[in-house]
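Now for the letters of each chain:
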Amino acid sequence: MPIDSLPSDLNTERRSIGDHLEETEDEQVESRGDIPHGGATLVTVTHLHGAGLNRQHVTINLLSDNVLSEVFDFYRLGPFNAHPWRWGTLAHVCRRWRYIILASPCRLDLQLLCTAKTPAKESLHILPALPIKVTYTPGNRDESPHTIREGCNNVHAALGHHDRVSEIDLSGKLEDPLERWATVIQKPFPALRHLNLRSYDGKNLVLPDGFLGGFAPRLQTIISLRVSFPALPKLLSSAKDLVCLKLEAIPFSCHISPEAMVTGLSGLTKLESLTFQYDYPWSFPHQRSEHPPPVTLVIIPALTEFKFHGVSGYLEDLVAQIDAPLLANFQIMFSDEFFFYTP
């Protein structure tokens, strides 16, 4: 990013530092990337005065809190950072850095990552009350029953903070764990932004009608694989911020009528990507009505991508009720396996 396009306070800080260093044509600046105690990265400034040398050291502590916050945000967005990013490393450099980071939880997208190995019950109440990302992927088959049970308990404790959970990422063999988490997954998750459920053990995962309490108003992404969720339209009606809905390998037993699906989609004004991919589409139990009701078009103004894999009758009933003026990518695969692509 060009210097001139940075925030004004950052430009001001850059000029004040330049004034402090007495920038001249005969000045050389050499930076060292090591961080001594206290988090003060050294900058060695060498002034050339004839045959003599005059060295002085300047630390990163000259930067204001706002500028350091900008630096941390730039680092967070780097290509080598995981998600959620490991902000704890910077927070442990010194007290000031920790204060700056914890003072900007939204700007720096601070989250706590909870996995099956995280002792959430013991640790979450002593950590800052930040959003929580819950991820669970069962380990290898050699894990002992005690390890599996302990992992499920840890995730259960994390999901228990349903008002703080911002991401749920569950994959693998999920049928038994979901039964253990039944009491917590049927509560509303008002802070949830991303939901990713993938069943990889060859079995279809059936979600209860009360999943997430039918209320997740901040949801932006829903991705599922081999998941049956008959109450999905109810959840969609509360997810006004949804941007991506991707349902893959939908079990043929999970039948949601086109009318119910359109009702769920009707309020999604921010939805950009929509995918319906049915498993075994030739067996999908959709029967078209001989006397369809009058069609009322539902406008999805932001939709640019729509992918469908299923029976043609279902698609016809679905698209007959939808208007997507910005649609640019439309991919269809019917049960007879013909494929159409419209750029």
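Here goes a summary of the coordinates provided. Just so it is clear, the model here is predicted, and its values are computed rather than measured. (Residues numbered from 1 in each chain as written. Predicted model: local features only at pLDDT ≥ 70, side-chain atom pairs only at ≥ 80, totals over all residues. Heavy atoms only, no water.)

## A closer look at the pattern of salt bridges
- Applying the stated rule across the entire model yields nine salt bridges.
- Close ionic contact of Glu305 with Lys307 constitutes a salt bridge, the shortest N to O distance being 3.7 Å.
- Take Glu305: its relative accessible area is 23%, and that puts it in the partly exposed class.
- The exposure class assigned to Lys307 is partly exposed, which follows from its relative accessible area of 30%.
- It is possible to trace a salt-bridge network through shared partners that takes in Arg198, Lys246 and Glu248. (Salt bridge = Lys/Arg side-chain N within 4 Å of Asp/Glu carboxyl O. Buried < 20%, exposed > 50% of the residue type's maximum accessible area, 1.4 Å probe, protein only.)

## As for unusual backbone geometry
- For Leu212, which is not a glycine, the phi torsion comes out positive at approximately 60°.
- Relative to the helices and strands, Leu212 is located in the loop between strand E8 (205–206) and strand E9 (221–225).
- Owing to a relative accessible area of 1%, Leu212 belongs among the buried residues under this scheme.
- The backbone of Arg226 sits at a positive phi, close to 55°, despite the residue not being glycine.
- Counting through the fold element by element, Arg226 comes out in the loop between E9 and strand E10 (227–228).
- Using a relative accessible area of 28% as the deciding quantity, one classes Arg226 as partly exposed. (Helix = DSSP H or I, 4+ residues; strand = E, 2+ residues; numbered from the N terminus.)

## Some thoughts on the environment of Leu174
- Tracing the backbone shows Leu174 in the loop between strand E6 (165–172) and helix H7 (175–180).
- Overall, the relative accessible area of 1% leaves Leu174 in the buried class.
- Taking the C-alpha atoms as reference points, Leu174 and Pro138, 36 residues apart in sequence, are found 8.3 Å from one another.
- If we skip the residues at most four places from it in the chain, Leu174 touches Tyr136, Arg198 and Leu205. (Contact = heavy atoms within 4.5 Å.)

## Here's the deal with the packing of helix H2 (residues 65–76) against helix H4 (residues 95–102)
- Running from N to C, H2 and H4 cross one another at 75°; their axes reach a closest spacing of 10 Å. Relative to H4, the element H2 lies roughly perpendicular. For the pair H2 and H4, contact is made by Asp65, Leu68, Ser69 and Phe72 and by Arg96, Trp97, Tyr99, Ile100 and Ile101, respectively.
- Here the residues of the contact of H2 with H4 are counted per class, giving six nonpolar, one polar and two charged. (Axes fitted to C-alpha atoms, helices over the stretch in contact; angles between N-to-C directions. Parallel < 35°, antiparallel > 145°, perpendicular 65-115°, else oblique. Nonpolar A, V, L, I, M, F, W, Y, C, P; charged D, E, K, R; others polar.)

## Regarding the packing of aromatic side chains
- Considering all chains together, one arrives at nine aromatic pairs under this definition.
- The interplanar angle of 10° and the centroid separation of 6.2 Å between the aromatic rings of Phe308 and Tyr314 together place this pair among those described as stacked. Taken as a pair, Phe308 and Tyr314 share a single burial class, namely buried.
- An aromatic cluster is built from Phe276, Phe306 and Phe330, whose rings are joined through pairwise contacts. (Phe/Tyr/Trp six-rings, centres within 6.5 Å; stacked < 30°, edge-to-face > 60°.)

## Quick word on the nonpolar core
- Core analysis: the biggest nonpolar cluster contains 80 residues, and Trp181, Leu245, Leu265 and Phe276 have the highest contact counts within it.
- Here this core takes five residues from helix H6 (residues 145–159), the largest share from any one element. (Core = buried A, V, L, I, M, F, W, Y, C linked by side-chain atoms within 4.5 Å.)

## Some details on the pairing of strand E14 (residues 305–310)
- Bridge count between strand E12 (residues 273–278) and E14: five bridges; the pairing is parallel. The residue of E14 that forms the bridge with Thr275 is Lys307.
- Note: E14 against strand E16 (residues 329–334), six bridges, orientation parallel. Across the sheet, the residue bridging to Gly310 is Phe334, located in E16. (Pairing = 2+ DSSP bridges.)

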